[in-house]
Amino acid sequence: LHLLNGILVYFFMGRLLLSKGEGGPPLSGRNYAGPWERDASIGNLLPLFAALFFVANPVQTHGVTYITQRHGEMATLFYLLSLILFIRAVSGKRLRAYPYLGSLLSLLCGLWCREEVYTAPVMFFLYYLVFVAEDWRWPSLSRGLKLLLPHVALAGLSFYLGVMTAWGWTFEPNWRWGKGEYLLTQASVIVEYIQLLVLPLPRWLNADVDFPVSRGLWEGYTLFSLGVITLLLGTSIILLFKRGLSKEGKLLAFGVLWFFITLSPTSTVITLQEIMVVYRLYLPSIGFCLVWGICIHRAIGYLWSKGGLGTRGALRAEVLVFSTILLCYSVGAYEHNKVWKDEITFWEDTVKKSPMKARAHYNLGVAYQAKGLLEKAVKEYLWCVRDGASRPEEKVRKERSYSRAWNNLGVICLEGGRDEEAMVNFKKALETQPENPDAHYNIGLYHLKRGDLEEAEKKFLAALTLNPFHAKGHYALGYLHSQKGLSDKAITSLEKALELDPAYEEAHRTLGLIWLNQKKDPKKALVHLQESLRLCKDPETLKTISATISDIKKWLED
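Fair warning: this is a prediction, and the values are worked out from it, not measured in the lab.

A. View of the overall build of the protein. For the protein, the count of helices and strands is 25 helices and 0 strands. Counting the 558 residues in the protein, one finds 51% classified as buried.

What follows is the structure, encoded as structure tokens:
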């Protein structure tokens, strides 16, 4: 997906640089690139390197290597495809029907991927006015609005069906910051985003940024950031309305507005749970790559105009500068990808860069626990419940990481035979977050281990009430029912566990034994025990399952 997007960025940049006005000739390389370039190869140089900057920037590792963000790549693919088809449809004197319909279809696909795609009609309209009509007067405005009316209607309908109807237009308020604080903080975040795009050093790239919240307008960095944003946006808007503006000036303004408009769904008035996340830059970075490429291009052109470089020398210098930046980006992306080697390296890097963030410590503890490094896991969990809890802005009673840390400490104690200590930790987990289903489930295991089946059942049911998709809870309830001789209830719960997790080995084994011993159905028992044999990793358990399967086969043969 990322490579496909890089190809689309190349074609999109090419269309931008070679766009033409209504009835006018295409703008040649000489028009947009500067009078010193006579070589036709320069026509592809700028789009090529802008696309390569997009592909290789280390910032993109957060949108590409983080596999669950693939919807961001999909949204960008449909966004670009829709825009390229729209450009194709409206660039001539007559509207081309098939590209126009393709643009609508691509937009529809993109709208169901990610919220940034709702900005597409705005960017399409801006493109039409700047590069096609080249006129902000009413006739051009009217035609542009008519062309975009189906796109706007499609976006509105998608928003109604996908947000207002599906979600009921109810958004849980953020307990850590208000709308005003979030908006002010985003000014500083945007400046940090720009810094990362210009200089994406791996040491600055962090998957879980602990960004300070702006509590007032008069904070120094907030004022500075607002000034930078106002300067960039104000200059871009003024340039767009300036008559006789050069093609490069239009491209610079368009690139800056692309960055801010595509970033607006996550960095303006809509209050989100995360202040700063690097993968949000995936689509906005296209505008940055356009501006970055043109700025370098014009700097070389300025040196040529002053007589510092010959025509060929200027071309070679531009290629050298572009190639050097691309090499640095590539090396940075390669190095930063090492962080994503596994969960331990990933969260160790995050804790190093966000040492005071509880979630990072908790997730590192989970990674250690999964690898059997229990001492290190305990250390991280204890940081969460002690040092992390001392931060007043975290509001411990509403931060899930603390409850989960107490719960996991209890699991380690329970597995180590320290049942009473485990119970204390589970209770602290529920004190911190009463709706923690894992804590209820683990307290149920504690009671099950002690033979108190009634109390264990209450806790398992409480866990499943809070989370009906808790596969372990369904399994535990099924196992408990099998111990009480309630085979039908046990089968129902175990089948639900397998529906949620088809590779749940213990559920297959227990279900197979119930069908064999309680329901006297060896054929159904054989199906589940064979699946258990395939999934099981414990050598001793494998021997027992194999012997049981052999006995069943002999029974069926007899």
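B. Fine view of the nonpolar core. If you look at the biggest cluster of nonpolar residues, it comprises 88 residues, and the most contacted ones within it are Phe12, Leu16, Phe254, Trp258 and Ile286. Tallying contributions element by element places helix 7 (residues 120-133) first for this core, with 11 residues. Residues contacting tryptophan 258, with those up to four places away along its chain left out, are Phe12, Tyr79, Leu80, Leu83, Met123, Leu283, Pro284, Ile286 and Gly287. Ranked by size, the runner-up nonpolar core spans 33 residues in total, among them Trp340, Leu364, Ala367 and Met423.

C. Structural context of the environment of histidine 71. Mapping histidine 71 onto the fold places it in helix 5 (residues 70-90). Note: C-alpha distance between histidine 71 and cysteine 113 (42 residues apart in sequence) is 5.5 Å. Each residue touching histidine 71, except ones within four places of it in the same chain, is listed here: Cys113 and Arg114.

D. Examining the packing of helix 16 (residues 374-385) against helix 17 (residues 400-415) more closely. Interaxial distance between helix 16 and helix 17 falls to 9 Å at its minimum, and their mutual angle equals 145°. In terms of crossing hand, the pair formed by helix 16 and helix 17 is left-handed. Two secondary-structure elements touch here, helix 16 through Leu374, Ala377, Val378, Tyr381, Leu382, Cys384 and Val385 and helix 17 through Tyr402, Ala405, Trp406, Asn408, Leu409 and Ile412. Looking at the contact of helix 16 with helix 17 residue by residue, the classes come out as 12 nonpolar, 1 polar and no charged.

E. Looking closely at the pattern of salt bridges. Summed over the entire model, instances satisfying the criterion amount to 18 salt bridges. Residue lysine 353 is joined to aspartate 349 by a salt bridge in which the shortest nitrogen-to-oxygen separation is 3.0 Å. On the criterion of helical spacing, the pair formed by lysine 353 and aspartate 349 is a turn pair, its members being 4 residues apart in helix 14 (residues 343-353). Here lysine 353 falls in the partly exposed class, since its relative accessible area comes to 23%. One salt bridge connects glutamate 499 with lysine 496, and the closest N-O pair in it is separated by 3.6 Å. Of this pair, glutamate 499 and lysine 496 are both found in helix 22 (residues 487-500), 3 residues apart, which corresponds to roughly one turn of the helix. What emerges from the salt-bridge pattern is a single network uniting Asp208, Glu274, Lys357 and Arg359.

Conventions and cut-offs
Residues numbered from 1 in each chain as written. Predicted model: local features only at pLDDT ≥ 70, side-chain atom pairs only at ≥ 80, totals over all residues. Heavy atoms only, no water. Helix = DSSP H or I, 4+ residues; strand = E, 2+ residues; numbered from the N terminus. Buried < 20%, exposed > 50% of the residue type's maximum accessible area, 1.4 Å probe, protein only. Core = buried A, V, L, I, M, F, W, Y, C linked by side-chain atoms within 4.5 Å. Contact = heavy atoms within 4.5 Å. Axes fitted to C-alpha atoms, helices over the stretch in contact; angles between N-to-C directions. Left-handed = near helix turned anticlockwise from the far one by under 90°. Nonpolar A, V, L, I, M, F, W, Y, C, P; charged D, E, K, R; others polar. Salt bridge = Lys/Arg side-chain N within 4 Å of Asp/Glu carboxyl O.

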